[in-house]
Amino acid sequence: MIAALHAAAIAALLAAFPIKPPTPPPGVAEVDVVERLNEPVPRDLRFVDAFQNQVQIGDYLGRDKPVVLSLVYFDCPMLCSLVEKGLVKGLSESGLALGKDYAALTVSMNPRDNPRQAAAAQAGYVGHLAHREAATALDWAFLTGREANIHALADALGFKYRWDKSTEQFEHPAVVFILTPDGRISRYLYGVEFLARDLRLAVVEASQGRVGTTLDRVLLKCFRYDPTSRRYRLVAVNFVRAGAFCVFLALTTGLTILWRQELKRRRLSAPLGRPGS
């Protein structure tokens, strides 16, 4: 009875004075990622590359290769460089070749950035990338542009960022985008460290199997992207199915070899026919 009275009193207090969740600091809700999977990025947005050429986003699409896209700014004191370094490390360890298996594109979110800064960033990051021997400057371009075009690209990607006047820095998420060769958003990868396996699977997935090896395509049947952990995770059922198929294939191959050997042995041991018989 006493416990019931206590519970009723607490319920009455909560109803009279409801507890409100804490209000987030101003601007925090503006920094976010709204995933827009399978939606296209605008091809006609104009930017300037590191060589001061007028270009469009569409110039880097439709080249039969997935595109690894990142939004940063070149004088970012910490987060942007961590994202780009993590991306270079993950791509280097993935075994994928720039210009052959994928292209990359880095766009500055700061309209005050200029081609000189883009050129320095391009030389620094791409210079540390492995498997770039067959690549050209077009295969990983660094772009700057006007605020309207930057916002249009960010909106299409679902990338929400803001300028913080107190720190004079951009607040933004840590994420890279994997685009299909025709410019649709295939995958979002989050953080400042990117597993080589995740990058490789994301690129193979975006290419619909046109990039990578037969083993990569088998692995895609065993791994699925988990939005909760934001990683590619092993799917046990598919793994068992793939394992069973491999066992079946191995048994079939072994039995075929044994059958052929038995036929050959029988031919050799069979008595020869008599001449003229």
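Structure report, in brief. (Residues numbered from 1 in each chain as written. Predicted model: local features only at pLDDT ≥ 70, side-chain atom pairs only at ≥ 80, totals over all residues. Heavy atoms only, no water.)

Turning our eyes to something else, we now look at the side chain of Asp164. Structurally, Asp164 is set in strand S8 (residues 162–164). Exposure remark for Asp164: the relative accessible area of 11% places this residue in the buried category. A polar contact is formed between the side chain of Asp164 and the side chain of Arg162, at a distance of 3.4 Å. A polar contact of 2.6 Å, which involves the side chain of Asp164, links it to the side chain of Ser166. Excluding residues within four positions of it along the chain, Asp164 makes contact with Gln169 and Glu171. (Helix = DSSP H or I, 4+ residues; strand = E, 2+ residues; numbered from the N terminus. Buried < 20%, exposed > 50% of the residue type's maximum accessible area, 1.4 Å probe, protein only. Polar contact = N/O pair within 3.5 Å; in protein donor to acceptor, adjacent residues only side chain to side chain. Contact = heavy atoms within 4.5 Å.)

Before going further, it helps to spend a moment on the nonpolar core. One finds Phe47, Ile57, Leu105, Leu143, Leu153, Leu157 and Phe159 to be the most contacted residues of the largest nonpolar core, which totals 34 residues. When residues of this core are traced back to their parent elements, those giving at least two are strand S4 (67–72), strand S5 (103–108), strand S6 (140–143), helix H4 (147–157), strand S10 (175–179) and strand S11 (185–190). With near-sequence residues (within four places) excluded, Leu157 lies in contact with Val34, Arg36, Val41, Leu69, Leu71, Phe177, Leu179, Ile185 and Tyr188. Residues Leu96, Val126, Ala202 and Val203 belong to the second largest nonpolar core, which totals 26 residues. (Core = buried A, V, L, I, M, F, W, Y, C linked by side-chain atoms within 4.5 Å.)

Now for the sheet that holds S11. Taking strand neighbours across the sheet as the criterion, the 5 strands line up as S6-S5-S4-S10-S11 in an open arrangement whose pairing is mixed. This sheet does not close on itself; its edge strands, each paired only once, are S6 and S11. On average, each strand axis in the sheet is inclined to that of its neighbour by 20°, with strand direction left out of account. Bridge analysis of S10 against S11 gives 5 bridges, and the strand direction is antiparallel. Residue pairing for S11: Val175 is matched across the bridge by Tyr190. (Pairing = 2+ DSSP bridges. Axes fitted to C-alpha atoms, helices over the stretch in contact; angles between N-to-C directions.)

Tallying each qualifying case throughout the model produces 10 aromatic pairs. Geometrically, the ring pair formed by Trp140 and Phe142 is stacked, given 5.8 Å between the ring centres and 20° between the ring planes. Judged by relative accessible area, Phe142 falls into the buried class, the value being 1%. Pairing Tyr161 with Phe170 gives two aromatic rings, centres 5.9 Å apart and planes at 50°, and the pair type is tilted. Tyr161 gets classed as buried once you look at its relative accessible area, which sits at 13%. Here a set of aromatic residues connected by ring pairs shows up, and it is made of Tyr73, Phe159, Tyr161, Trp163, Phe170, Phe177, Tyr188 and Tyr190. A cation over an aromatic ring shows up here: Arg112 above the ring of Trp163, its NZ or CZ 4.8 Å from the ring centre. (Phe/Tyr/Trp six-rings, centres within 6.5 Å; stacked < 30°, edge-to-face > 60°. Lys NZ or Arg CZ within 6 Å of the ring centre and 35° of its normal.)

Fair warning: the whole summary comes from geometry, so function is off the table for now.
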